[in-house]
Amino acid sequence: MTVYEVRLPLSVQEKITEEIFETAVNNPEGFVETGGWCWSPQGQAWWGDGLDIIEASGPGIGAERTYDTLFLPSDHLLDLDEMFRRDGLELCGGWHLHPSGDQFPSELDLTRVGRVLDLRAIWESRTQRAIELIITREPKGEWTWCVTPWIFYRGPSGILGTPGVHPEAAVLRLEEK
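My aim in this report is to walk through the structure given alongside it, one point at a time. (Residues numbered from 1 in each chain as written. Predicted model: local features only at pLDDT ≥ 70, side-chain atom pairs only at ≥ 80, totals over all residues. Heavy atoms only, no water.)

With respect to topology, six strands assemble into an open sheet ordered β4-β2-β7-β8-β9-β10, the strand pairing being mixed. Among the strands making up the open sheet, the edge pair consists of β4 (55-56) and β10 (165-168). Sheet topology places strand β8 (residues 130-137) next to strand β9 (residues 145-154); eight bridges connect them, and they run antiparallel. Counted as the bridge partner of L133 is P149 from β9. (Pairing = 2+ DSSP bridges. Helix = DSSP H or I, 4+ residues; strand = E, 2+ residues; numbered from the N terminus.)

Set out below in structure tokens:
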């Protein structure tokens, strides 16, 4: 079994934290889910050396957020990806906050991951995987966060070969540079 290492540099951590506080924590309607998309170097093989998330975005215009759901519109995703491709990056997945503390992806999350997998297949990305970072608040501290990386692939799984979007093992390394 392959275990993917996911590296998240400080600049991306700061961008995600800023979005969480601006949109989710300081929301006049209460704490809500928020999220966005992630980019990695084009053609990066995720096995062996792992995955570097180089850039992250917020949810974009038209995002729908509640305490327990997040809908990220993908209308602007092609434009964003084209812009980042000029810098040698490609869409690798997304990130989002679960205010409930649940570290597992929901059905809506799997639908969003499926969209990323479809786009990566169309764009003939080297690795046919997608990442989803689920961020939860630790009960220990007022604003201590836990980031759970999920790597997904599309295909058959299990004894019965059930088709769908399936998770694989991943570890996260938060870089301090």
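Now that the structure has been shown, the text picks up again.
With that settled, the discussion passes to the sheet that holds strand β3 (residues 51-52). Judged by pairing direction, the sheet is parallel, and its three strands sit side by side in the order β3-β1-β11 without closing on themselves. The open sheet has two free edges, formed respectively by β3 and β11 (170-174), since each of these has just one partner strand. Relative to β11, strand β1 (residues 4-8) is paired through five bridges, and the arrangement is parallel. Across the sheet, residue V6 finds its bridge partner in β11, namely L172.

Moving on, we come to the environment of F31. When you line up the elements, F31 lands in the loop between α1 (10-25) and β2 (35-41). Given the relative accessible area of 21%, F31 is considered partly exposed. Remark: the alpha-carbon pair of F31 and R65, spanning 34 residues in sequence, is separated by 9.6 Å. (Buried < 20%, exposed > 50% of the residue type's maximum accessible area, 1.4 Å probe, protein only.)

To continue, consider the pattern of salt bridges. One pass over the full model with this rule turns up 13 salt bridges. Here R7 makes a salt bridge to E175, at a shortest N to O gap of 4.0 Å. Residue R7 is found in strand β1, and its partner E175 is found in the segment after β11; the two are separated by 168 residues along the sequence. Judged by relative accessible area, which is 25%, E175 ranks as partly exposed. With its nearest N and O atoms 2.5 Å apart, the salt bridge here joins R129 to E168. Of this pair, R129 sits in the loop between α3 (107-122) and β8 while E168 is found in strand β10, placing the two residues 39 residues apart along the sequence. Each of E5, R7, D52, R173 and E175 takes part in a single network of salt bridges with overlapping partners. (Salt bridge = Lys/Arg side-chain N within 4 Å of Asp/Glu carboxyl O.)

Within β2, six of the seven residues are buried, leaving the element largely enclosed by the surrounding structure. Both β2 and strand β7 (residues 89-97) contribute to a ladder of seven bridges, which runs antiparallel. Bridge pairing links G36 to W95 in β7. In terms of strand pairing, β2 meets β4 through two bridges, oriented antiparallel. Each bridged residue has a counterpart across the sheet, and for C38 the counterpart in β4 is A56.

It is worth spelling out the packing of aromatic side chains at this point. Under the defined criterion, the tally for this structure stands at four aromatic pairs. A ring pair is formed by W39 and F84, whose centres lie 4.3 Å apart and whose planes are at 45°; its orientation type is tilted. One end of the pair, W39, is in strand β2; the other, F84, is in helix α2 (residues 77-85), with 45 residues separating them in the sequence. You can call W39 buried: its relative accessible area is 0%. (Phe/Tyr/Trp six-rings, centres within 6.5 Å; stacked < 30°, edge-to-face > 60°.)

Geometric descriptors of this kind do not, in isolation, establish any biological role.
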